[in-house]
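Analysis of the macromolecular model
Below are the chains, spelled out letter by letter.
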Amino acid sequence: MDASEAPRIRLWPFLLGDAVLLAAAVYWVAQAKFPLSAAVVWGSTICLVTGAALGVAPFWLEYRALCRRLETATLAEGLLQARHAEAAARRIAEATDNWQMIQDQAARTAAQAREIAERMAAEVREFTAFLERANDTEKATLRLEVEKLRRAEGEWLQVLVWILDHVYALYTAGLRSGQPRLIEQLTQFQNHCRDAARRLGVVPFEVPPGEPFQPERHQTPDGQTPPEGSVVRETLATGILFQGRLVRPAVVAVEPPASDQTARPDAKPPATEQPELTAPAGTPNNPLQPDPASDSPATGG
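Residues numbered from 1 in each chain as written. Predicted model: local features only at pLDDT ≥ 70, side-chain atom pairs only at ≥ 80, totals over all residues. Heavy atoms only, no water.

1. Description of unusual backbone geometry
Phi angles above zero are rare outside glycine, and Gln 243 is one such case at about 55°. With respect to the helices, strands and loops of the structure, Gln 243 is situated in the loop between β4 (239–242) and β5 (245–248). Of the residues examined, Gln 243 reaches a relative accessible area of 59% and is grouped as exposed. (Helix = DSSP H or I, 4+ residues; strand = E, 2+ residues; numbered from the N terminus. Buried < 20%, exposed > 50% of the residue type's maximum accessible area, 1.4 Å probe, protein only.)

2. Describing the sheet that holds β5
Paired through backbone hydrogen bonds, the strands of a sheet run either parallel or antiparallel to each other. Strand order in the open sheet made by the 3 strands is β1-β4-β5, with antiparallel pairing throughout. Each edge of the open sheet is held by one strand with a lone partner, namely β1 (202–205) and β5. With direction set aside, neighbouring strand axes in the sheet form an average angle of 35°. Bridge analysis of β4 against β5 gives 3 bridges, and the strand direction is antiparallel. Bridged to Leu 241 within β5 is Leu 246. (Pairing = 2+ DSSP bridges. Axes fitted to C-alpha atoms, helices over the stretch in contact; angles between N-to-C directions.)

3. Description of helix α3 (residues 180–198)
For α3, spanning 19 residues, the distance from its first C-alpha to its last is 26 Å, which sits close to the expected 27 Å at 1.5 Å a residue. Those residues of α3 that sit buried are Leu 186, Gln 190, Arg 194 and Ala 197. Projection of α3 onto a plane perpendicular to its axis shows the buried side chains occupying an angular sector of 70°, all on one side. Turned more than 90 degrees from where α3 packs its buried face, Pro 180, Arg 181 and His 192 sit exposed. (Expected span 1.5 Å × (residues − 1). Arc of directions from axis to C-beta.)

4. Points about the sheet that holds strand β6 (residues 250–255)
As summarised here, the arrangement of the 3 strands in space is β2-β6-β3, forming an open sheet in which the pairing is mixed. Edge positions in the open sheet fall to β2 (218–219) and β3 (231–237), since each of these has one partner strand only.

5. So, the pairing of β6
Most of β6 sits out of view: 5 of its 6 residues are buried. By the bridge criterion, 2 bridges tie β2 to β6 in an arrangement that is parallel. Across the sheet, the residue bridging to His 218 is Ala 250, located in β6. Relative to β6, β3 runs antiparallel, the two being bridged by 5 bridges. Bridging across to β6, Glu 234 finds its partner in Ala 253.

6. Let's talk about the nonpolar core
By size, the foremost hydrophobic cluster in this structure holds 9 residues: Leu 157, Leu 160, Val 161, Leu 164, Ala 197, Val 202, Ile 240, Phe 242 and Val 247. Only α2 (38–177) and β4 provide two or more residues apiece to this core. When residues in this core are grouped by element, the largest group, 4 residues, is from α2. Core analysis: the next-biggest nonpolar cluster, separate from the first, contains 7 residues, Phe 205, Ala 250, Val 252 and Val 254 among them. (Core = buried A, V, L, I, M, F, W, Y, C linked by side-chain atoms within 4.5 Å.)

7. Considerations on the environment of Val 254
Within the secondary structure, Val 254 sits in strand β6. For Val 254, a relative accessible area of 17% corresponds to the buried category. As a C-alpha pair, Val 254 and Glu 211 span 43 residues in sequence and 9.6 Å in three-dimensional space. Sequence-distant contacts of Val 254, defined by excluding residues within four places in its chain, comprise Phe 213, Thr 220, Pro 226, Ser 230, Val 231, Val 232 and Arg 233. (Contact = heavy atoms within 4.5 Å.)

8. Quick word on the confidence of the model for the chain
Any residue range with low pLDDT should be treated as having predicted coordinates unsuitable for detailed reading. Summarising the model, the chain shows a mean pLDDT of 79, and 80% of its residues fall at 70 or more. A low-confidence stretch, residues 276–301 stays under pLDDT 50, and its non-local contacts, those more than four residues away or across chains, total 44 contacts. (pLDDT = per-residue confidence, 0-100.)

9. Overview of the packing of aromatic side chains
A full pass over the atoms with the stated rule returns 2 aromatic pairs. Between Trp 156 and Phe 242 the ring centres are 6.0 Å apart and the planes differ by 75°, which places this aromatic pair in the edge-to-face class. With Trp 156 in helix α2 and Phe 242 in strand β4, the pair connects residues that are 86 residues apart, well separated along the chain. Geometrically, the ring pair formed by Tyr 168 and Tyr 171 is tilted, given 6.2 Å between the ring centres and 40° between the ring planes. Of this pair, Tyr 168 and Tyr 171 are both found in helix α2, 3 residues apart, which corresponds to roughly one turn of the helix. For Tyr 168, a relative accessible area of 5% translates into the label buried. The exposure class assigned to Tyr 171 is buried, which follows from its relative accessible area of 15%. Positioned above the aromatic ring of Phe 205, the side-chain terminus of Arg 217 is 4.7 Å from the ring centre. (Phe/Tyr/Trp six-rings, centres within 6.5 Å; stacked < 30°, edge-to-face > 60°. Lys NZ or Arg CZ within 6 Å of the ring centre and 35° of its normal.)

Structure follows, in structure tokens:
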């Protein structure tokens, strides 16, 4: 209830009583003779005090009523706030329950995600192991195939070089025969054979007479290194290049340096003979070494 709607105390009875008492006290004092008697003093004093009390009484009553209304309003507001607090507490409890449910759900979700991650990691490990096994198997297969191809390459290269050596031996025999027609035919035959071999990457080469002896590209029939300054006198077996790589040095006959010939003027040049085509000195397991069971390709006519 507002202050404007609260019932108000009527002031006029209190003011009227106050005025009457004040008037009585004044009249009593005015009618008395001096010196005033004790009855007049006490009577006028009582009238004044009572009138003052009547004058103050309505305001004091209104003040007390206003204080009670304020206390009541404060208590009502406190009760309303308490109701709001209870509602807020209920909402907080509901929110706490919801948060607990959400937390439980999040924990279950995290556990499921962790389980899925562990399964995925296990699948990845198994798949990686499978790929490694497949890769190792494929590597082993490819390694075996490469070894087979290299072995086959070495075999057909050995056969091809063996054929070229026989063709060159036949060509040198034709040169020694001194028959122009035969030499021309053998030269054409050797050129055709070398063209066919060149398409496979095999290139035979001869050493021109008079070229200085080079140990990295030339070798003697006996495999020994001649004295320094020796020159090539004749090519006994062609050198072989395979895809630009030297696989066999050329076998040549050499002439000693001029100083050695001057020191021994009666020495005769060594006889030229076709060498037995074996692996060069210091080169074990030469794939180009011809089959010892077959005939030597250097059989001059």
